[in-house]
Amino acid sequence: MPKLIIKGGRVLDPSQGIDEEIDLCIDKGVIKRLEKDILEPEAEIIDAQGLIVAPGFIDIHAHLREPGQEYKEDIESGCRSAVAGGYTTLVCMPNTEPPIDKPWVARYIESRACSVGLCKVLPAGTITEGRKGKKLADLWALKEAGCVAFTDDGSPLMDSSLMKKALELSAQMEVPIMNHCEDDRLAVGSINEGEVSSLLGLSTRPPEAEDLLNARDCILAYYTGGHVHIQHLTTELGVEIVREFKAKGAKITCEVNPNHLLLTEEEVIGAGANARVNPPLRRKRDREKLIEALADGTIDCVATDHAPHHPSEKGLVDRAMPGMIGLQTALPILLELVREGRISLMRALELLTLKPAQIIGIDRGSLKPGSAADITIFDADRRWTLNEETNLSKSRNTPLWGRELVGRVIYTIKDGRIVYKLH
Ligand code: NCD
Ligand code: ZN
Ligand code: ZN
């Protein structure tokens, strides 16, 4: 592999507080130096004038559907979509068929991702066997097989006693327990409970369903010392719960999904089933609070919850499978908040790089010399549309389909190798 020099870009690295026009030299897959006007006659050059150079993005919540549901997505198509969105590392969710509740499934995923060779894929194991919520999976064996987190995502873990045990183990293992927080006796329907559900006569998932489980998990983290990670936070009260228990010293981290930062419950009126997701799109005031919490640090990171489904599963709202694709639209959504002055560009990038790396405890998300050369180069002003030509996922379930977006990835570099280049 020849040396690679990224020239003339605006380098932004939250891990070092750098925001400067500077060159970056990569050798043997590792970042060698950041300096003005690097000259290396033999090196390959990437001209990054007018572009932003950042650490490769890290998504700690993606559904890749392999094994078992390859008609929606597979590891290869998911990784193609990921690198086009600027991601170099993904944590894939265990609601596959079979689920990631045995070491061999985790190993299979890592080896498939390795042979695809685009993006690092780290599996999340289930908390309970078969995601059934009855008996803990062998978390030690799953950790040994490469799992970096545990979650029954797709379903909440309702049993408080099992959640407590999992968090006690988490404290010993130093691995986060993630939960999809929605009480399944209350969240039985399809969209947020409120004006839109009444107007359309649709079944509901009320915000208190989410707040109850979120509060329970924060309380259990407080007592056990385990690390709980709240997945896809959506409510106003949820932000306050997390803030309160973090202040008490509990080990809590939480993520927000870009779609909840952009869209609200009204979206269902126009987009129908493509606007259905769990937890659902909420009210404007919830969205507002989430954006505030992004800025003030209550929310730790942005994770896509990329959840591909086949068009045949996205018919009537009340019968549709929940979820939206999101790997290629996260950056433009965050850049919109930057343009509106709601968060700084540095903070947006921290939410996509350093913070998610810290949550799962991996040595990535930095451009410090000596780090693995995982780098995303993007044009913050480039206009484009997610459509048949640009979408690299096998699925197309998002209300953003056909909408103009601003901000596009031009190059993605993984361990010093160009894994995506916009043509
Ligand atoms: C996810 C899926 O489709 O797997 N759907 C969703 O609405 N978010 C499951 C999940 O994240 O809970
Ligand atoms: Zn979930
Ligand atoms: Zn999910």
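All values derive from a computational prediction rather than experimental measurement.

**Overview of the coordination of the zinc ion (ligand 2)**
For the zinc ion (ligand 2), the full set of protein donor atoms is Asp 153 (OD), His 180 (ND1) and His 232 (NE2), at a range of 2.0 to 2.1 Å. Every donor residue of the zinc ion (ligand 2) comes from the same chain, spaced as D-x26-H-x51-H. Here the zinc ion (ligand 3) and the zinc ion (ligand 2) are spaced 3.6 Å from one another, each receiving a donor from Asp 153. Here Asp 153, found in the loop between β11 (149–150) and α4 (160–173), pairs with His 232, found in the loop between β15 (228–230) and α7 (236–247); they are 79 residues apart in sequence, far enough to count as distant. Of the two residues, Asp 153 and His 232, both sit in the buried class.

**Digging into the packing of α7 against helix α10 (residues 284–296)**
Packed helices, taken two at a time, are described by their axes: the angle between them and the distance between them. The geometry of α7 relative to α10 is characterised by a closest axis approach of 8 Å and an angle of 30° between their N-to-C directions. Put simply, α7 runs roughly parallel to α10. Contacts between α7 and α10 pair Glu 236, Val 239, Glu 240 and Arg 243 from the former with Arg 285, Asp 286, Lys 289, Leu 290, Ala 293 and Asp 296 from the latter. Across the contact of α7 with α10, the residue classes break down as three nonpolar, no polar and seven charged.

**As for the side chain of His 180**
Along the chain, His 180 turns up in the loop between β12 (177–179) and β13 (191–192). Exposure remark for His 180: the relative accessible area of 4% places this residue in the buried category. At 3.1 Å, the side chain of His 180 forms a polar contact with the side chain of His 232.

**Topic: the coordination of the zinc ion (ligand 3)**
Taken together, His 61 (NE2), His 63 (NE2), Asp 153 (OD) and Asp 305 (OD) make up the full set of protein donors to the zinc ion (ligand 3), lying 2.0 to 2.3 Å away. Mapped onto the sequence, the donors of the zinc ion (ligand 3) take the spacing H-x1-H-x89-D-x151-D.

**A closer look at α7**
If you check α7, its first and last C-alpha atoms are 17 Å apart, about what 12 residues at 1.5 Å a residue would give, namely 16 Å. Tucked inside the fold, the buried residues of α7 contact α6 (207–224), β15, β16 (252–256) and α10. For α7, the side-chain oxygen to backbone nitrogen distance between the N-cap and Gly 238 is 2.8 Å, and the N-cap itself is Thr 235. Once α7 ends, the next one or two residues include Gly 249, with phi positive near 95°.

**Thoughts on the pairing of strand β7 (residues 52–55)**
Within a regular strand, side chains alternate between the sheet's two faces. In the sheet, strand β2 (residues 10–13) pairs with β7 via two bridges, with the strands oriented parallel. Bridged to Val 11 within β7 is Val 53. One ladder, built from four bridges, connects β7 with strand β18 (residues 375–385); its direction is antiparallel. By the bridge assignment for β18, Val 53 is matched with Ile 377.

**Comments concerning the site of ligand 1**
Of all residues adjacent to ligand 1, which total 15 residues, the nearest are Arg 65, Asn 95, His 180, Asn 278 and Asp 305. One nitrogen or oxygen atom from the main chain of Gly 154 is found 3.2 Å from an oxygen atom belonging to ligand 1. Contact distances for ligand 1 include 2.8 Å between an oxygen atom and a side-chain N or O atom of His 180. About the coverage of ligand 1: the protein hides 96% of its 310 Å² of free accessible area.

The rules behind the values
- Residues numbered from 1 in each chain as written.
- Chains lettered and ligands numbered in written order.
- Predicted model: local features only at pLDDT ≥ 70, side-chain atom pairs only at ≥ 80, totals over all residues.
- Heavy atoms only, no water.
- Donors = N, O, S within 2.8 Å, 3.2 Å for Na, K, Ca; no water.
- Helix = DSSP H or I, 4+ residues; strand = E, 2+ residues; numbered from the N terminus.
- Buried < 20%, exposed > 50% of the residue type's maximum accessible area, 1.4 Å probe, protein only.
- Axes fitted to C-alpha atoms, helices over the stretch in contact; angles between N-to-C directions.
- Parallel < 35°, antiparallel > 145°, perpendicular 65-115°, else oblique.
- Contact = heavy atoms within 4.5 Å.
- Nonpolar A, V, L, I, M, F, W, Y, C, P; charged D, E, K, R; others polar.
- Polar contact = N/O pair within 3.5 Å; in protein donor to acceptor, adjacent residues only side chain to side chain.
- Expected span 1.5 Å × (residues − 1).
- Pairing = 2+ DSSP bridges.
- Near = heavy atom within 4 Å.
- Areas by Shrake-Rupley, 256 points an atom, 1.4 Å probe, with all protein chains shown as cover.

In short, shape yes, function no, at least from these values alone.
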